[in-house]
Number of protein chains: 6
Amino acid sequence: MKRIVTFGEVMMRLTTPGHQRFTQAKGFEATFGGGEANVSMSLAQFGLEAAHITRFPDNELGQAAIQFLKTNNVSTDHIVKGGDRLGLYFLETGSSVRPGKIIYDRANSAFAGVEPEMIDWEKVLDGASWFHWTGISPAISAGAAACCKAALEVAYAKGITVSGDVNYRKNLWQYGKSAQEVMPDLIAKSDVLVTGVRDAAEILNIYPEAGADNEEISVYNKIIERFPNVKKIVNTTRNSISATHNKLSGNLYDGKQFLKTREYEINPIVDRIGGGDAFLAGLIYGMHELEGDQEALDFGVAAAVLKHTIEGDVNLARVEEVQDILAGDTSGRIKR
Amino acid sequence: MKRIVTFGEVMMRLTTPGHQRFTQAKGFEATFGGGEANVSMSLAQFGLEAAHITRFPDNELGQAAIQFLKTNNVSTDHIVKGGDRLGLYFLETGSSVRPGKIIYDRANSAFAGVEPEMIDWEKVLDGASWFHWTGISPAISAGAAACCKAALEVAYAKGITVSGDVNYRKNLWQYGKSAQEVMPDLIAKSDVLVTGVRDAAEILNIYPEAGADNEEISVYNKIIERFPNVKKIVNTTRNSISATHNKLSGNLYDGKQFLKTREYEINPIVDRIGGGDAFLAGLIYGMHELEGDQEALDFGVAAAVLKHTIEGDVNLARVEEVQDILAGDTSGRIKR
Amino acid sequence: MKRIVTFGEVMMRLTTPGHQRFTQAKGFEATFGGGEANVSMSLAQFGLEAAHITRFPDNELGQAAIQFLKTNNVSTDHIVKGGDRLGLYFLETGSSVRPGKIIYDRANSAFAGVEPEMIDWEKVLDGASWFHWTGISPAISAGAAACCKAALEVAYAKGITVSGDVNYRKNLWQYGKSAQEVMPDLIAKSDVLVTGVRDAAEILNIYPEAGADNEEISVYNKIIERFPNVKKIVNTTRNSISATHNKLSGNLYDGKQFLKTREYEINPIVDRIGGGDAFLAGLIYGMHELEGDQEALDFGVAAAVLKHTIEGDVNLARVEEVQDILAGDTSGRIKR
Amino acid sequence: MKRIVTFGEVMMRLTTPGHQRFTQAKGFEATFGGGEANVSMSLAQFGLEAAHITRFPDNELGQAAIQFLKTNNVSTDHIVKGGDRLGLYFLETGSSVRPGKIIYDRANSAFAGVEPEMIDWEKVLDGASWFHWTGISPAISAGAAACCKAALEVAYAKGITVSGDVNYRKNLWQYGKSAQEVMPDLIAKSDVLVTGVRDAAEILNIYPEAGADNEEISVYNKIIERFPNVKKIVNTTRNSISATHNKLSGNLYDGKQFLKTREYEINPIVDRIGGGDAFLAGLIYGMHELEGDQEALDFGVAAAVLKHTIEGDVNLARVEEVQDILAGDTSGRIKR
Amino acid sequence: MKRIVTFGEVMMRLTTPGHQRFTQAKGFEATFGGGEANVSMSLAQFGLEAAHITRFPDNELGQAAIQFLKTNNVSTDHIVKGGDRLGLYFLETGSSVRPGKIIYDRANSAFAGVEPEMIDWEKVLDGASWFHWTGISPAISAGAAACCKAALEVAYAKGITVSGDVNYRKNLWQYGKSAQEVMPDLIAKSDVLVTGVRDAAEILNIYPEAGADNEEISVYNKIIERFPNVKKIVNTTRNSISATHNKLSGNLYDGKQFLKTREYEINPIVDRIGGGDAFLAGLIYGMHELEGDQEALDFGVAAAVLKHTIEGDVNLARVEEVQDILAGDTSGRIKR
Amino acid sequence: MKRIVTFGEVMMRLTTPGHQRFTQAKGFEATFGGGEANVSMSLAQFGLEAAHITRFPDNELGQAAIQFLKTNNVSTDHIVKGGDRLGLYFLETGSSVRPGKIIYDRANSAFAGVEPEMIDWEKVLDGASWFHWTGISPAISAGAAACCKAALEVAYAKGITVSGDVNYRKNLWQYGKSAQEVMPDLIAKSDVLVTGVRDAAEILNIYPEAGADNEEISVYNKIIERFPNVKKIVNTTRNSISATHNKLSGNLYDGKQFLKTREYEINPIVDRIGGGDAFLAGLIYGMHELEGDQEALDFGVAAAVLKHTIEGDVNLARVEEVQDILAGDTSGRIKR
């Protein structure tokens, strides 16, 4: 059975047109996205079965968000309705030396009001092969953190592979608990972890071994030692030359091997948002459909690279398109 | 001295393009509006000095709102900065038998967090000839209600004319107090009241005199009796034939005379929002610049009629344009 | 079980923006529609389960069409992939005395190449309560006609209610058979027929009884006599005052009673396309959910009226919105 | 030989989008138009050969104007290049009681600098059946007036039918001569005159005969008496109910008969500009292709009515479309 | 006499806006193009007389296509009307590593139905200096191939220089004949051939001489030997770094000399389509107006480079602009 | 007191959308700009008090221009109303090797008609810390030159620092005087001069000292010698790789030291216009708020670099954003 379940907030994204700044905009382009749903939608685009769990207000904006997931072939059967408002974020796209800018307006969203009793994880995860969460959800509210924990417990019990993207954003944690208190329990139940040296230090108080040959590996080893359920640690290395020109490669450590991919050049970047989610979706696809970790990692990075050329949060690349990149064709020649 | 001060929330308005429904929209047109600020902006367009007091978040969206007021020539010198978010409302414009639809997203806005100590009304109202408030502000939060009350006390002490638009919306009152508790004190300090028979019954428990010749007048007499500072009660009569075809006239009762205007036909309506604010701005203009109440009332209704032909919340009609309507030219012939 | 299945072509609709003529357009708005799928999508919007059967090319345009159906909550599980191209139609919207104009470009579409063996009607219609077809499909190609016939046979065998919209367009019949040859077999297996006096004459050679009190009824009686499975004949009466101003009412004859609705005024019309499909969807909804034929007919006409105020082929009105119209509120007052 | 030649300024028209006012616009739609060229372009659309003479600056804006004429099938072979700038006009479209507004920015245009020696009228008018001018050209500059006069002399000598649209706009006459001085010589050489009672009074000092049965006819008789070359006087009667709702009919007096047309209702108006030019083009078409003056007049008015439903200055209606209106079909039913 | 005649299909091009994928598009930008007409339009832009021969359906879309050619100053006098539909192609523009994508929808077009008896080549080519065809036309249908052959015979008889762009696309050849059967006869009557080593192998079965110093030249020599009327073989060398970054240079072999140009860097590419047509138009311009083959080749490549910065299929560069590039100014400094 | 006053023309800028050429545009984006007002608006964005002096026509376009300045927080209190038209310029944005193109349409503008008696410089400059002019104003008309001179005299008398951007454009000088006659008097009263070697030669007849170590410094020394009030000479060095890729650095000479900045890479450029004005605004900001000339120069160049990434003439960068660039962060990473 290949069925991936993701859990997290989906926001309406309101983007200023073209290169306009917030104070210039007389309108916004509207789409929807969220780190976990982006993974689901990309996997559905790759042809796998995917379901997303979230909570939306019972109004037309919540309805529009559901329709967006449906359009992208993700199951919305278990989405909870209720609460007051849809979370939003406003985006001003950067260019060259000018960085992009996000203004979040997600406080008191329907998702922030989610509570464990609203979701029957036994049912939701029935038949699932993979569950994916990120560190954003437990940062949003105690209820969202509790839902996340409940999901991980059921997934663990069912033997479902779990991936967690630590993604620590300090200023999100406003409801009275800290990441340092909440995250370790969630990390402990994850099989694949997206994290890096900075996250390890800030959340887990894990620092590189003094005098280590490879400081990065020394940190990852400590993580795996502390959380024995964690089997793989993955992330991307991004070289930001400018807002519109990045270089990207991927890394995977399984406690023994430190795998790396080639570095891709992305210039110009069409839409930077969702690049990391596209990487993870590619990796999960690879772990379902390809032979080894290197193949999965390569697929993840090539998928992430393509995402940067696509408007919106979601990677609309198809498997064949990722394969073309993997096969070395980054020439961009028109397909007829 | 002719200087009008208004107080109230200004929201970003996100409108679906053309005739699109919320679930069809891939973008929104963005503008700003709020019942009280709409009055200020219309008065500034008429050439009077106007200032608006509100609270905006200290981010680019708050900055954009300030710039919108500046563009419309309203003083923003006393606007308070702080709080978390800008209030929003989403608008789907109606057509023919299909009504327009508004989804408010204003809870926990910067304005809802306004507190009396943030505004120095002595300074703000210094040299003002008129102060305008509506029943929306005291419905938003205890703090906003307290600010409103504080403003009215200073205005009363300074002998500034006060207009209040009762505008009762039951579902807005969520913070623990009811309109029935809060509004009477505010009404008591107002000189010109925009209200009608329904508001009087619901908020003030005032009902038509049994057997009265004119039930409406009997209600207004009771209001004036109970609130002796109220000198004039005004409102409009709107005949809604469809979302795009209305007829509009105005009424003013001063305790003795019940003045009425001619009825105007508006077909098609370009933008229905802000019609009442445009009426009040026209009336306030008339009370500053024209001879009598009938003239002011006529000006107010003609202004309101023109507003329906203008995109956005704000009446961008100029005095001469209102005068053309008043002079009977509703033929719409091109001006060269 | 309430599950409606529809069968027919879905085309991409390319509309000139605003009031532009074909020769002015530098771009087209794109959406999707087709008489039968429009019925499915409206029913899904009303909350009923709906599935549409068609054939799309296996390219991104076919994919976009599928996503459009998904967005509108219609099951696409049984859609066939294959063939060369997606059918298209170009639309120039009329205004006032200028009529709208459609240029069809649907020849050799994927749907035209549909063949009976591509669709397993036993499976498709399993658990269905209703099947809907129109006279467009049998006009497109011998294969489409054969599919239609196969569906009707299975539906008849399963006791599924069948509605057929005769919708005779002479110039569509190009593949060697005429409507006069093909349609009678299909009509014979239908329970509810959308047709009128003109269709009856042209396709069935049925003319009003000389000297009949009510010529219309005399025609319908002859149809019912000839096709005893037909239980109800329905249609709308449209009074076209201009391209943007119509009056609409509905009729239903069940062999005994000739039911009529009130006449609605629609001015301005936002989008005329799909009005008849919206009527039928409303009627089918009513026949599933409401008490009697009059209620179903009333619901159908009110639904059709609302459709005229909505962009695109599909009626995005919700049940409550239709109910408001039925309750007599056509004032278009903003809902907050 | 059926070949119509027109002479006059063509301006770029910059229109605010939708219903926006000038101070709201963040952009303008751009097209081209001018009273005389509009006649040519409409005639070319009707299938007659048409050429327009004007002067454009030798830059890309002049080039764009030429391409616009070419697109509309008008010969641009004799257009003069030179001068500094293209004339412009800014347009804010009216709605309901709000009138449209035009800001001209045409002073010092390339056309204003046209001089008689730049145009070889013998060559330009070779083989022409009709020449059309308006009172705008002689108002623009002494050079344009002289060109107009030169054209009329050549046309007169060649026996070409001449139509002149008097179109008196007092504030255009800024170069030192008055319409009263310049126009009589031009009128004297015209066969068909578009004018009315107001123009006759203001330019020709001709007033209704005291006690005349029909004051209008008494004025026209005086015009014909004074200018014996004038054979027909035509104009339209426009009943402006609002900016978006007009009624229109036409009139033609030939010294004996006073012909009238039916009155058409136009609601809503899409674009009011160029309605008069469309009328004249229709009339000229009728005088080339139809039997009598009544037929030509009817065609002219029906053409003008259609123009009001079309964006831009130019009537893009085809002959068959005008004929449909003439045949009484103003129902706006979609053509498939 | 300098008059260039081109023959081939013109399609409507429907492009997704910005960077949108096909499944994201809610609309398409519409323009027109075709390999041969693009050459005509570019030459007309350079000031030469150009005529294009094709077949369009007799509807508004065909009319719009004609108007597009007229706008671009190409003679449409000999265009044939008839057939059912206008050929279309849908374009998704690539970016960075994501390639552009074209979906053709040109089967059964009006052009595919062209037959030799519809075109009087004697008349069409009367006074022409150059005739241009491409390998697309003979691939479309037997009729189009026959027209091509007929044109070449008349051109040959009249001594008109002929250029042919071999442009082999295997999947276009669907009507029963192969390129290998049809093309040699057409190549034999051409003076200037756009082709390369791959085309020569696939269509002509010509392969590089084993052990040749320069394999390319060895192929070209064999072509010239086999088709003695061919005097020059030209093409471009494109280095595709990404969809938005290419390098371009040009080559010309006349049987003796192998001329090359400098290599230009194009970054970013605005619109890749029509680059080859722009090259050929530049070369043809150069062969009419410049001194030698090197000058013509240089002009062709510089023209092609500029095309990549212009929206649409057509090179709207003027001669002076190409000359600036040739003079080495690729700095892009604003011209005032 | 920190209050900057600027004087000069503000034009409406009409830009073709995207990459369209003038002849492709069916509309224009509209904004406002002018070299001197751009400086004011940028300084207001940096938080300093700024006022702009100009003359606008008393119509809605002039009103829109005033509103644009207000929106950008610049005082419009001293703007003169009158004259016939607003100056315009049309812009086609370049890309890669294709240069941008400007068509000016500013002759006979309201500003060209400005006369010294219209502006009370004593009042305007009261309390000012800085006055800025450019060489465009004295080029426009004798009146504008006289206004400039009058302003400089008052500024000099009041001890206000004066910056002048020489910006010599030969073809602007059309009113009978040359830059050689007019500019020296204006330069003589300036403290900070934006100029370079080319301007010095063309306007001041100053050439590099033969055999100088540094030719540039030798020219600047001669300028300072001839105009002893000039204390600093500044400019930028722009390396134009293409229309969308530039490198930029800045220079300042104070008679002793020749300061330089690092060179920044800008790729892609969003909007090239106003880059120089942004530099000067940054420099003036720095001279008001930062420690030394090097800091001011660095701030100016970083500000100019950011401007290239912002749409429109005006640098909407905030101080913190410039500081981020100065701190070396040109990575464009999204700010959340």
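The structure we're discussing is the one just above.
Just so we're clear, the structure is a prediction, and the values are computed from it rather than from any experiment.

Peer 1: So what exactly am I meant to see when it comes to the interface of chain B and chain C here?
Peer 2: It is common to give the size of an interface as the accessible area lost on bringing the parts into contact. Taken together, the 24 residues of chain B in the interface contact 22 residues of chain C. Both faces considered, chain B and chain C share a buried interface measuring about 2,100 Å² in area, 55% of it formed by carbon and sulfur atoms. At the junction of chain B and chain C, the tally comes to one salt bridge. Close ionic contact of Glu321(C) with Arg21(B) constitutes a salt bridge, the shortest N to O distance being 2.5 Å. For the side of chain B that touches chain C, the element with the most residues is strand E12 (residues 232-242) of chain B, which contributes four residues. Along the lines of polarity and charge, the residues of the side of chain B that touches chain C split into seven nonpolar, eleven polar and six charged.

Peer 1: Would you mind going over the relation of the copies chain B and chain C with me for this structure?
Peer 2: Taken together, a rotation about one axis and a shift along it account for how the two chain copies relate. If you rotate chain B by 120° and push it 0.0 Å along the axis, it lands on chain C with an RMSD of 0.0 Å. The superposition of one copy onto the other is thereby described by a three-fold rotation axis. Residue Pro268(B) of chain B places its C-alpha closer to the rotation axis than any other residue of that unit, at 4.8 Å.

Peer 1: Could you clarify how one ought to interpret the packing of helix H1 (residues 35-45) of chain D against helix H9 (residues 275-289) of chain D in this entry?
Peer 2: Any two packed helices are characterised by how steeply their axes cross, that is the angle between the axes, and by the distance between the axes. Residues and elements named next belong to chain D. Relative to each other, H1 and H9 sit at 45°, their axes nearing to 8 Å. Considering the angle they form, H1 stands oblique to H9. Read as a crossing pair, H1 and H9 show a hand that is right-handed. Counted together, Gly35, Asn38, Val39, Ser42 and Leu43 of H1 and Asp277, Leu280, Ala281, Ile284 and Tyr285 of H9 form the full contact between these two elements. Across the contact of H1 with H9, the residue classes break down as six nonpolar, three polar and one charged.

Peer 1: Would you explain the sheet that holds strand E8 (residues 101-105) of chain E in this entry?
Peer 2: The strands making up a sheet associate through hydrogen bonds between their backbones, and the pairing can be parallel or antiparallel. Ordered in space as E8(C)-E7(C)-E2(C)-E3(C)-E3(E)-E2(E)-E7(E)-E8(E), the eight strands form an open sheet in which the pairing is mixed. Each edge of the sheet is formed by a strand with only one pairing partner; in this case those strands are strand E8 (101-105) of chain C together with E8 of chain E. Shown here is a sheet whose adjacent strand axes are inclined to one another by a mean of 30°, direction ignored. Two strands pair when backbone bridges link them, and strand E7 (residues 88-92) of chain E and E8(E) are joined in this way by five bridges, in the antiparallel orientation.

Peer 1: Would you mind going over the side chain of Asp271(D) with me for this structure?
Peer 2: Residue and element names in this part refer to chain D. Inspection of the secondary structure assignment puts Asp271 in the loop between strand E15 (264-266) and H9. With a relative accessible area of 7%, Asp271 lands in the buried category. Excluding anything up to four places from it in sequence, Asp271 contacts Arg13, Lys307, His308, Ile310, Glu311 and Gly312.

Peer 1: Just checking my understanding: could you explain the pattern of salt bridges for this structure?
Peer 2: Close approach of charged atoms allows side chains of opposite charge to pair. Inspection of the entire model under this criterion finds 144 salt bridges over all chains. Of the charged contacts, one joins Arg85(D) and Asp105(F) as a salt bridge, the two residues approaching to 2.6 Å between their closest N and O atoms. With Arg85(D) in the loop between strand E6 (80-81) and strand E7 (88-92) and Asp105(F) in strand E8 (residues 101-105), the pair connects residues from two separate chains. Residues joined in a network through salt bridges with shared partners are Arg21(A), Glu92(A), Arg98(A), Lys101(A), Glu60(B), Arg318(F), Glu320(F) and Glu321(F).

Peer 1: So what exactly am I meant to see when it comes to the interface of chain F and chain A here?
Peer 2: Contact with chain F, which involves 22 residues of that partner, is made by 24 residues of chain A. Summed over both sides, the interface of chain F with chain A buries roughly 2,000 Å², with 55% coming from carbon and sulfur. The three residues of chain F that bury the most area against chain A are Glu311(F), Ile334(F) and Arg336(F), which together make up 30% of that side's buried surface. Counting across the chain F and chain A interface gives one salt bridge. Across the contact surface, chain F and chain A share ten residue pairs in polar contact (both at pLDDT 80 or more). Mapped by element, the contributors of at least two residues to the side of chain F that touches chain A are strand E15 (264-266), helix H10 (293-307) and helix H11 (319-326) of chain F.

Peer 1: Just checking my understanding: could you explain unusual backbone geometry for this structure?
Peer 2: It is generally the case that most residues other than glycine have a negative phi and that most peptide bonds are trans. Along the chain, Asn267(B) connects to Pro268(B) via a cis peptide bond; the corresponding omega equals 0°. For Pro268(B), the location among the structural elements is in the loop between strand E15 (264-266) and helix H9 (275-289). Unlike most non-glycine residues, Asn73(D) shows phi in positive territory, near 70°. Looking at where Asn73(D) falls in the secondary structure, it is placed in the loop between helix H2 (60-71) and E6.

Calculation criteria
Residues numbered from 1 in each chain as written. Chains lettered and ligands numbered in written order. Predicted model: local features only at pLDDT ≥ 70, side-chain atom pairs only at ≥ 80, totals over all residues. Heavy atoms only, no water. Contact = heavy atoms within 4.5 Å. Buried area = accessible area lost by both parts, 1.4 Å probe. Salt bridge = Lys/Arg side-chain N within 4 Å of Asp/Glu carboxyl O. Helix = DSSP H or I, 4+ residues; strand = E, 2+ residues; numbered from the N terminus. Nonpolar A, V, L, I, M, F, W, Y, C, P; charged D, E, K, R; others polar. Least-squares fit on C-alpha atoms with pLDDT ≥ 70 in both. Axes fitted to C-alpha atoms, helices over the stretch in contact; angles between N-to-C directions. Parallel < 35°, antiparallel > 145°, perpendicular 65-115°, else oblique. Left-handed = near helix turned anticlockwise from the far one by under 90°. Pairing = 2+ DSSP bridges. Buried < 20%, exposed > 50% of the residue type's maximum accessible area, 1.4 Å probe, protein only. Polar contact = N/O pair within 3.5 Å; in protein donor to acceptor, adjacent residues only side chain to side chain.

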